[in-house]
Amino acid sequence: MSPDRDPQLAPFRASLPPGSRLGVLRHRHYRNVWLGAFASSIGNWMELVGVQWVVAQQTSTPEWLDAGLPPPTIMMGYLAAAQLGPTLVLGMSGGLLADRANRKRLLMVTQSLLMLVAASIAVGSHLGIATPGYLLAVSLLHGIVMAFNVPAWQVLTPRLVPREDLAKAITLNGVQFNLARVLGPALGGIIMARFGASVLFDVNTLSFAAFLFAISLTPDAPAPPHDGTSAWRRTTEALSFVFHSRGPRAVFLGMFVFSLLGTPLLRMLPLFVSDVYHKGEDVFGLLLAIMGAGAVIGGLGMRLVPAWYPKHHFIPLAITGGGISITVYSAATSLWLAAPAMFFCGVFWLWSFNSSMAAMQLLVTDRMRGRVLAVCNTVVFGAMPLGSLLAGWVGEVAIGWGGATRGQGVQAGVGVLGAVLAAAGLAMLTWRTPEVDAPAVADGGLERRPGLMAGL
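On a predicted model such as this, the values are computed, not experimentally measured, just so you know.

Procedures and definitions
Residues numbered from 1 in each chain as written. Predicted model: local features only at pLDDT ≥ 70, side-chain atom pairs only at ≥ 80, totals over all residues. Heavy atoms only, no water. Helix = DSSP H or I, 4+ residues; strand = E, 2+ residues; numbered from the N terminus. Buried < 20%, exposed > 50% of the residue type's maximum accessible area, 1.4 Å probe, protein only. Areas by Shrake-Rupley, 256 points an atom, 1.4 Å probe, with all protein chains shown as cover. Expected span 1.5 Å × (residues − 1). Patch = residues over 30% accessible without salt bridge, like charges linked within 9 Å, V, L, I, M, F, W, Y side chains within 5 Å. Salt bridge = Lys/Arg side-chain N within 4 Å of Asp/Glu carboxyl O. Phe/Tyr/Trp six-rings, centres within 6.5 Å; stacked < 30°, edge-to-face > 60°. Axes fitted to C-alpha atoms, helices over the stretch in contact; angles between N-to-C directions. Parallel < 35°, antiparallel > 145°, perpendicular 65-115°, else oblique. Contact = heavy atoms within 4.5 Å. Core = buried A, V, L, I, M, F, W, Y, C linked by side-chain atoms within 4.5 Å. Bend = angle between axes of the 7 residues up to and from the residue. Polar contact = N/O pair within 3.5 Å; in protein donor to acceptor, adjacent residues only side chain to side chain. 1 Å grid on protein atoms, 1.4 Å probe; cavity = no way out; pocket = protein on both sides within 12 Å on 5 of 7 lines; lining within 4 Å. Points joined across faces, edges and corners; volume = space filled by probe spheres on them. Nonpolar A, V, L, I, M, F, W, Y, C, P; charged D, E, K, R; others polar.

**A look at the overall build of the chain**
Tallying secondary structure elements over the chain gives 16 helices and zero strands in all. Across the 456 residues in the chain, those meeting the buried criterion constitute 57%. Accessible surface, the chain as shown: approximately 18,600 Å² in total, 68% of it carbon and sulfur.

And the structure:
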């Protein structure tokens, strides 16, 4: 049955006329959720600025280093592991729950718990107990809840818009997230420099109210009918879909590689600011804002990409561009050179993740969407802290064996991974997978021979 004729989805189609200038935002329930998520994302980015800066500064003091505690490059990796590592263990459970539970209720519960976690960071900061250890512990709780929140959010979006608008909605979600990355860090850096990090944590706690209110206005979102299949069988079915099908496997590989090799840039950014540029928290917020601006421009620019242009070419192109931009940024020692590179990091970052997620959403059916996306989340989010730890290890090797300064070690750690990412993207551009666009595409006569322009 066509999604537009499915009676269960009828409440989600409330919208303005198809020709509305609002585009995908003409769908009322999606628009409400998008606006609520935007307000919450601004608060989340403010909190990220505060937490990362506090951990970076407290672990860079002589007292910390003289005590033999982990250096800041390693501590930033630990922070990433605490925030994202739980998805490695609980990601599949979150996806199974998203396919069995009421999606709206699940999202309300997880967002409420995240609000409580945010409040605990704010309270700890006001009481003066927000040490790196405290922040790691609270970040671990945040990561546990996120393992269930992310699949609940991902499976809700396809029910708010018709299938033909799904790719646009996913891209607009990325624009929202990155537009918040422009405003949140820029405001956060200014506020933290003047009033301290505690105010950022207060704002983030309050911002959850907007998203919760928006979700409460959406119609009920019951889970798809359950056929009685065991959890183990449903898990193996999702794993088989991702790893045994050419298209989903190629999309998954692209997301994994970018997560492992590209995302350490964000985790190490406070150390770039303090140890390479020798600047303060306002510059940290500014660089995050520049990256967010690049992602917003990149998201808007995706509207100019012709509909016929294949994703199996666009995704590896974005991965290659991301790797080159990260490498150039890591090599720069001047903000005048680093800022433009950071802008293009944002462009290719959004292109890679959003195109990959849109491709996967279009390849999978609603019946197992939560499970399949959970497979992606489990490995993708799990790869992020591993990449950060890997970048930290490379940096420490450069410092210990190569005699590099701490700033040069940070540059080496992120730069080496960026160069490997660019090489991986070029390999994917040369040996591409037409099934990324749809299983039937491969039957349409596209050649599978290697080459940068093959298959276009």
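**Things to note about helix α1 (residues 28-58)**
Helix length check: α1 (31 residues) gives 45 Å between terminal C-alpha atoms against 45 Å at 1.5 Å per residue, within 8%. Of all 31 residues making up α1, 23 are buried, and the element is well covered by its neighbours.

**Let's talk about a nonpolar patch on the surface**
Taken together, the side chains of Leu88, Val89 and Leu386 define a hydrophobic patch exposed on the protein surface, amounting to about 300 Å² of accessible area. Within the secondary structure, Leu386 sits in helix α15 (residues 369-400). The partly exposed category is assigned to Leu386, whose relative accessible area is 47%.

**Details of the packing of aromatic side chains**
Applying the stated rule across the entire model yields 14 aromatic pairs. Each ring, one from Trp349 and one from Phe353, has its centre 6.0 Å from the other, and the planes form 50°; the classification is tilted. Here the residue Trp349 and the residue Phe353 both occupy positions in helix α14 (residues 335-363), the gap between them amounting to four residues, near one helical turn. Since its relative accessible area comes to 11%, Trp349 is described here as buried. An aromatic cluster of three or more residues is present, and its members are Tyr309, Phe314, Phe348 and Trp351.

**Re the packing of helix α7 (residues 166-195) against helix α8 (residues 197-217)**
Axis separation between α7 and α8 bottoms out at 7 Å; the angle between their running directions is 130°. By the angle class used here, α7 and α8 are oblique. Contacts from Gly188, Ile191, Met192 and Phe195 of α7 reach α8 at Ala197, Val199 and Leu200.

**So, the nonpolar core**
Formed by 110 residues in total, the largest nonpolar core has its most connected members in Tyr30, Phe272, Tyr329 and Met360. In terms of residues, this core owes the most to one element, α1, which gives 15 residues. Not counting the four nearest positions on each side in its chain, Tyr329 is found in contact with Leu265, Leu269, Phe272, Tyr277, Leu287, Ala338, Ala341 and Met342. Ranked by size, the runner-up nonpolar core spans eight residues in total, among them Ala295, Met302, Phe348 and Trp351.

**Details of the pattern of salt bridges**
Per the stated rule, a full pass over the model turns up three salt bridges. The salt bridge involving Glu396 is made with Arg406; its shortest N-O contact spans 3.4 Å. Of this pair, Glu396 sits in helix α15 while Arg406 sits in helix α16 (residues 406-430), and the two are ten residues apart along the sequence.

**A word on helix α11 (residues 264-276)**
The axis of α11 is deflected most strongly, by about 40°, at Pro270. All of the buried residues in α11 are Pro264, Leu265, Leu266, Arg267, Met268, Leu269, Pro270, Leu271, Phe272, Val273, Ser274 and Val276. Following α11 by one or two positions, His278 has its phi on the positive side, about 55°.

**A look at the side chain of Asn102**
With respect to the helices and strands, Asn102 occurs in the loop between α4 (86-100) and α5 (103-127). Within polar-contact distance, the side chain of Asn102 engages the backbone nitrogen of Lys104 at 3.1 Å.

**Structural notes on empty space enclosed by the protein**
Per the counting criterion, the structure on display carries three cavities of 30 Å³ or more. The volume enclosed by the largest cavity comes to roughly 1,600 Å³. What lines the largest cavity is a set of 50 residues, among which Trp45, Met146, Val150, Phe177 and Phe381 lie closest to the centre. In terms of residue count, α1 provides more of the lining of the largest cavity than any other element does, nine residues in total. Here the lining of the largest cavity is built from residues that sort into 26 nonpolar, 21 polar and three charged. Here the second largest cavity is characterised by a volume of approximately 60 Å³. If you go around the second largest cavity, the residues you meet are Gln83, Leu84, Thr87, Gly91, Met146, Ala147, Val150, Pro151, Asn377 and Phe381. Sorting the residues of the lining of the second largest cavity by element identifies α3 (72-84), α4, α6 (132-156) and α15 as the ones contributing at least two each. Residues of the lining of the second largest cavity, tallied by class, amount to six nonpolar, four polar and no charged.

**Observations regarding the packing of α3 against α4**
Their axes nearest at 7 Å, the elements α3 and α4 cross at an angle of 15°. With respect to their mutual orientation, α3 and α4 come out roughly parallel. Side by side, α3 and α4 meet where Ala81, Ala82, Gln83 and Leu84 of the first sit next to Pro86, Thr87 and Leu88 of the second. The residue makeup of the contact of α3 with α4, split by class, is five nonpolar, two polar and no charged.

**A few points about the environment of Ile170**
Following the sequence through the fold, Ile170 ends up in helix α7. By relative accessible area, which is 8% here, Ile170 ends up buried. Counting along the chain gives 188 residues from Ile170 to Ala358, while the straight-line C-alpha distance between them is 6.4 Å. Sequence-distant contacts of Ile170, defined by excluding residues within four places in its chain, comprise Asn354, Met357, Ala358 and Gln361.

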